[in-house]
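# A look at the structure
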Amino acid sequence: MRAFLWFIGLFVAGFAVIALLAWPAYEWLSPLMDVKFHRLANRIGQLSLLVGFMLVARRLALADRRSLGFGLPRREFLRELTVGLALGVATMLPVAFVMVGLDLRVLREGVTLDAALAARLALSGLATGLVVGLVEETFLRGAMHTAIARESGARAAILLTALLYSAVHFVGRFRIPVEQLGPDAGLRHIAGTLAAFADPAGIADAFLALAAVGVLLGMVRAITGNIAACIGLHAGWVWVIAFLRETSIPDETSPLRFLLSRFDGVVGWLVLAWTLVISVVIHRFYARRAVGRSASDAQAS
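Presented here is an overview of the structure given in this document. (Residues numbered from 1 in each chain as written. Predicted model: local features only at pLDDT ≥ 70, side-chain atom pairs only at ≥ 80, totals over all residues. Heavy atoms only, no water.)

## Side note on the overall build of the protein chain
Helices and strands together make up the secondary structure of the protein chain, namely nine helices and two strands. The order of α-helices and β-strands along the protein chain, N terminus first, is α-α-α-β-α-α-α-α-α-β-α. Relative to a compact globule of 301 residues, whose C-alpha radius of gyration would be 19 Å, the protein chain shows 21 Å and is just as compact. With the C-alpha coordinates aligned to their principal axes, the bounding extent of the protein chain is approximately 70 × 50 × 40 Å. Across the 301 residues of the protein chain, 44% fall into the buried class. Split by element, the accessible area of the protein chain, about 16000 Å² in all, is 67% carbon and sulfur. Averaging the locations of the 28 positively and 20 negatively charged side chains of the protein chain gives two centres separated by 10 Å. (Helix = DSSP H or I, 4+ residues; strand = E, 2+ residues; numbered from the N terminus. Rg over C-alpha atoms; globule rule 2.2 N^0.38 Å. Buried < 20%, exposed > 50% of the residue type's maximum accessible area, 1.4 Å probe, protein only. Areas by Shrake-Rupley, 256 points an atom, 1.4 Å probe, with all protein chains shown as cover. Lys, Arg positive; Asp, Glu negative; His and termini not counted. Charge placed at Lys NZ, Arg CZ, Asp CG, Glu CD.)

## Considering the packing of helix α4 (residues 115-152) against helix α5 (residues 154-168)
For the pair α4 and α5, the least separation of the axes is 8 Å and the interaxial angle reads 145°. Pair α4 / α5 crosses with right-handed handedness. Touching Glu-136, Phe-139, Leu-140, Arg-141, Met-144, His-145, Ile-148, Ala-149 and Ser-152 of α4 are Ala-154, Ala-156, Ala-157, Ile-158, Leu-160, Thr-161, Ala-162, Leu-164 and Tyr-165, all from α5. Classifying every residue of the contact of α4 with α5 gives 13 nonpolar, three polar and two charged. (Axes fitted to C-alpha atoms, helices over the stretch in contact; angles between N-to-C directions. Left-handed = near helix turned anticlockwise from the far one by under 90°. Contact = heavy atoms within 4.5 Å. Nonpolar A, V, L, I, M, F, W, Y, C, P; charged D, E, K, R; others polar.)

## Points about the packing of α4 against helix α7 (residues 200-224)
Across the interface, α4 lies against α7 with an axial gap of 11 Å and an inter-helix angle of 60°. Of the possible angle classes, the one that applies to α4 and α7 is oblique. Crossing hand, α4 versus α7: right-handed. When α4 is examined against α7, the residues Glu-137, Arg-141, Gly-142, His-145 and Thr-146 are found in contact with a partner set consisting of Gly-214, Leu-217, Gly-218, Arg-221 and Ala-222. (Parallel < 35°, antiparallel > 145°, perpendicular 65-115°, else oblique.)

## Brief notes about a positive patch on the surface
A contiguous patch of positive charge on the surface is contributed by Lys-36, Arg-39, Arg-43, Arg-173 and Arg-175. Considering the arrangement of structural elements, one finds Arg-39 in helix α2 (residues 37-59). (Patch = residues over 30% accessible without salt bridge, like charges linked within 9 Å, V, L, I, M, F, W, Y side chains within 5 Å. Salt bridge = Lys/Arg side-chain N within 4 Å of Asp/Glu carboxyl O.)

## Quick notes on the pattern of salt bridges
All chains considered together, the criterion is met by seven salt bridges. Between Arg-2 and Glu-151 there is a salt bridge, and its shortest N-O distance comes to 3.8 Å. Of this pair, Arg-2 sits in helix α1 (residues 2-29) while Glu-151 sits in helix α4, and the two are 149 residues apart along the sequence. Put simply, Glu-252, Arg-257 and Arg-262 are held in one network by salt bridges that share partners.

Okay, structure coming up:
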């Protein structure tokens, strides 16, 4: 558990830095430029997390390609990422179609799905998916999984990274009105970003769905020994979800509205059930690939 606590400590340290530095930094910069407090506070937290991650990676002997999940040769890594991306899109599209088909989500007012809009959203969604997948998987299924697995085994690594993966999605966006800013703004910003955890029942469906996704990604990481497939799968899912969010909204009058969470209107009981189904398919897919790769390596040797 010590490795896990190191990573939890990164977030605690990040929040502490926000509490201490966000307001002084805002006071210093606001007369010089147009700066939003919430953006500045978030950037300070992200920068402190990055610096802390680099220090922890060195401390826990994670500062190498294999420990971070990039142990494959570049060409093979990109091939596995591409396969994962295609599989991610293929496994997310059916549940997206169900949401639209059951009128759980309806077209946004004023949105016309022409070729130009579809192409723009496809490109921006792909870019978002790849960035999110790369950053989150390097941190969670890369460094953090490696550190925990070395100490406590793969099962603990899968479970603990999945729980943290789910939890970080509820660190919400929060804004303090300019007229209410003051020396305690950093603390109030932290309290606001963590407000969702004050109502566990309200986020239970989304939390469980995201945790299930995290477990699935962790299993793929354990089977493959790297994060190429994890990045691809993650990016594919985000790609479809980004397109869905940009073009539709939840139908609040639907009797099946409870299947989608209040958290973001996408993940929830429906996605949880679907994740359990595709977990079997994806696990078998990568398990067979792993066996085939082992057989090929044995013949080559």
